[in-house]
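Read off the chains here:
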Amino acid sequence: AGPPVLARHGAVKSEDSSKASQFHLDLWFYFTLQNWVLDFGRPIAMIILPLEWFPLNKPSAGDYFHMAYNVITPFLLLKLIERSPKTLPRSMVYVSIIVFVMGASIHLVGDSVNHRLIFSGYQHHLSVRENPIIKNLKPETLIDSFELLYYYDEYLGHSMWYIPFFLILFIYFTGCFTPVGDESRMPVAALLLMGPSSLYYWYLVTEGQIFILYIFTFFAMMALVMHQKRKGLVLDSNGLFLFYSFIITLVLIAVWVVWLWNDKILRKKYPGVIYIPEPWAFYTLHMNNFHAAKE
C-alpha cells in the first residue's frame, strides 16, 4: 500500500510544480495594474480631482489610493510566494510583509502632507529649508518639524517599504529556476507586460531614491543566475519576466540621468556621486513653469 501512496503524492507534487512554473499572467497583470493606478496614479488623482471634494485638512483621493495599495500589494506578494515551485522561508516572508505594511503606512502619512503642500506653493525640487513657504515659518523650530515629516516620508518610510518589497521579489526569484529549457520561454502576454512593468520600476527607483537597493538586488539576481547556470538550471518564464524587467529599468534610469545630467537646479537638489532626480521634482521645476507660461 506504501508505494502507490508515495507514487500518488509524487505525482501530485510533480503536477503542482509544473503548474507553478507556468507564467502567472493573472498575478503579474494585477500587480502591474495596481502599481500604476494605486501608486503612480495617487498623486495625479490628488492634483486632477477638484479640491473642494477633498479639502486640505482631509485625506485626498490619492490617500485612499495609497490605503488600497497598502492592502492589495502585500496580498499579491503573498499569492506570488505561494505559487513558487520552491519552498521559501515563510518566517522571512511574513516579517518582510509586516515591515512592508508598516513602512508603506508611515509613508502614507508623510506623503499625504507633503503632496498637499503643493497647493500652498511647496516646491519638490527644493530642500525643506529652501522652500519659500517653509523658511519664513515662526518659530523656526516648526521647520524642524517639517524636516522630521520629510524624514519619515522620504527616508524611514521608503526604507521600511522598499527593502522588504525587493527582498520578497528576490526570495521569489530564487525559486524561479528549472532544468527544463521549454519552461524558460516567455509567452506573448509576458512580453506585452514587460514594458509597463519596467516603466513602473523606473518610477519606483527614481521617485523613491532607492537606486542602491535596486542595483544590489539586480546584482544579486545576476549572481544567482550565473551560479544556477553552472548547475544546469535556467530561469522559468516568471524569472525571465522579472529579470528582463529589471534590465530594462536600468536602461530607462540611464536615459533619465543622461537627459537631466546638465540641469543645475536638480544637481543642487541631488548632490553626490549618485545623481538620479525624482520625477516629481522635475515636474514641479519644469512642468509647473511650462503650465504657468502657457497660461
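Residues numbered from 1 in each chain as written. Predicted model: local features only at pLDDT ≥ 70, side-chain atom pairs only at ≥ 80, totals over all residues. Heavy atoms only, no water.

**Q** What exactly am I supposed to notice about the environment of Lys229 here?
**A** For Lys229, the position within the fold is in helix H8 (residues 211–230). Along the backbone, Lys229 and Pro179 are 50 residues apart, and their C-alpha atoms lie at a distance of 9.5 Å. (Helix = DSSP H or I, 4+ residues; strand = E, 2+ residues; numbered from the N terminus.)

**Q** Is there a simple way to explain the layout of surface pockets in this structure?
**A** A volume near 610 Å³ is recorded for the largest pocket. Looking at the largest pocket, it is lined by 26 residues, and the ones nearest its centre are Tyr155, Gly208, Gln209, Tyr270 and Glu278. By residue class, the composition of the lining of the largest pocket is 15 nonpolar, 6 polar and 5 charged. (1 Å grid on protein atoms, 1.4 Å probe; cavity = no way out; pocket = protein on both sides within 12 Å on 5 of 7 lines; lining within 4 Å. Points joined across faces, edges and corners; volume = space filled by probe spheres on them. Nonpolar A, V, L, I, M, F, W, Y, C, P; charged D, E, K, R; others polar.)

**Q** Looking at this model, I keep getting lost on the nonpolar core. Mind explaining?
**A** Here is a general trend for soluble globular proteins: nonpolar side chains tend to be buried in one another's company. Counting 61 residues, the largest nonpolar core has Trp28, Phe165, Tyr201, Leu242 and Phe246 as the members making the most contacts within it. Elements that contribute at least two residues to this core include exactly helix H2 (25–48), helix H3 (61–82), helix H4 (90–116), helix H6 (141–173), helix H7 (188–208), H8, helix H9 (237–259) and helix H11 (279–294). Other than its neighbours up to four places away in sequence, Trp28 contacts Phe23, Leu80, Tyr172, Leu193, Asn238, Phe241 and Leu242. One finds Tyr122, Val128, Ile143 and Tyr150 within the second-largest nonpolar core, a separate group that totals 6 residues. (Core = buried A, V, L, I, M, F, W, Y, C linked by side-chain atoms within 4.5 Å. Buried < 20%, exposed > 50% of the residue type's maximum accessible area, 1.4 Å probe, protein only. Contact = heavy atoms within 4.5 Å.)

**Q** Please explain the confidence of the model for the protein as it appears in this structure.
**A** Predicted coordinates in regions of low pLDDT should not be interpreted in detail. Per-residue confidence for the protein gives a mean pLDDT of 85, with 88% of residues at or over 70. Taken as a whole, residues 289–295 scores under 50 in pLDDT and shows 1 contact with residues more than four places along the chain or in a different chain. (pLDDT = per-residue confidence, 0-100.)

**Q** Would you explain the packing of aromatic side chains in this entry?
**A** Given two aromatic rings, their pairing is described by the distance between the two centres and the angle made by the two planes. Under the counting rule described, the total for this entry stands at 35 aromatic pairs. Between Tyr69 and Trp161, the aromatic rings sit 5.5 Å apart at their centres with planes inclined by 65°, giving edge-to-face as the arrangement. Of the two residues, Tyr69 is situated in helix H3 and Trp161 in helix H6; the sequence distance between them amounts to 92 residues. The class for Tyr69 is buried, based on a relative accessible area of 1%. By relative accessible area, Trp161 is classed as buried at 0%. Between the aromatic rings of Trp202 and Trp256, the centroid separation amounts to 5.1 Å while the plane-to-plane angle is 80°, which identifies the pairing as edge-to-face. With Trp202 in helix H7 and Trp256 in helix H9, the pair connects residues that are 54 residues apart, well separated along the chain. Per residue, the accessibility class of Trp202 equals that of Trp256, and both read buried. (Phe/Tyr/Trp six-rings, centres within 6.5 Å; stacked < 30°, edge-to-face > 60°.)

**Q** I'm lost on the side chain of His66 in this one. Help?
**A** Tracing the sequence through the fold places His66 in helix H3. Classification of His66 as buried rests on a relative accessible area of 1%.

**Q** Which parts of the structure should I look at to understand empty space enclosed by the protein?
**A** Using a probe with the size of a water molecule, rolled over the atoms, empty space left in the structure can be pinpointed. Applying the stated criterion to the full structure yields 4 cavities of 30 Å³ or more. Space inside the largest cavity adds up to approximately 210 Å³. The set of elements that each furnish at least two residues to the lining of the largest cavity consists of H2, H4, H6, H7 and H11. A per-element tally of the lining of the largest cavity places H6 first, with 6 residues. By residue class, the composition of the lining of the largest cavity is 9 nonpolar, 6 polar and 8 charged. Estimates place the volume of the second largest cavity at around 80 Å³. Looking at the second largest cavity, the residues that line it are Arg42, Pro43, Met46, Ser60, Gly62, Asp63, His66, Leu108, Asp111, Ser112 and His115. The set of elements that each furnish at least two residues to the lining of the second largest cavity consists of H2, H3 and H4. Element by element, the count of residues in the lining of the second largest cavity is highest for H4, at 4 residues. In terms of residue class, the lining of the second largest cavity is made up of 3 nonpolar, 5 polar and 3 charged.

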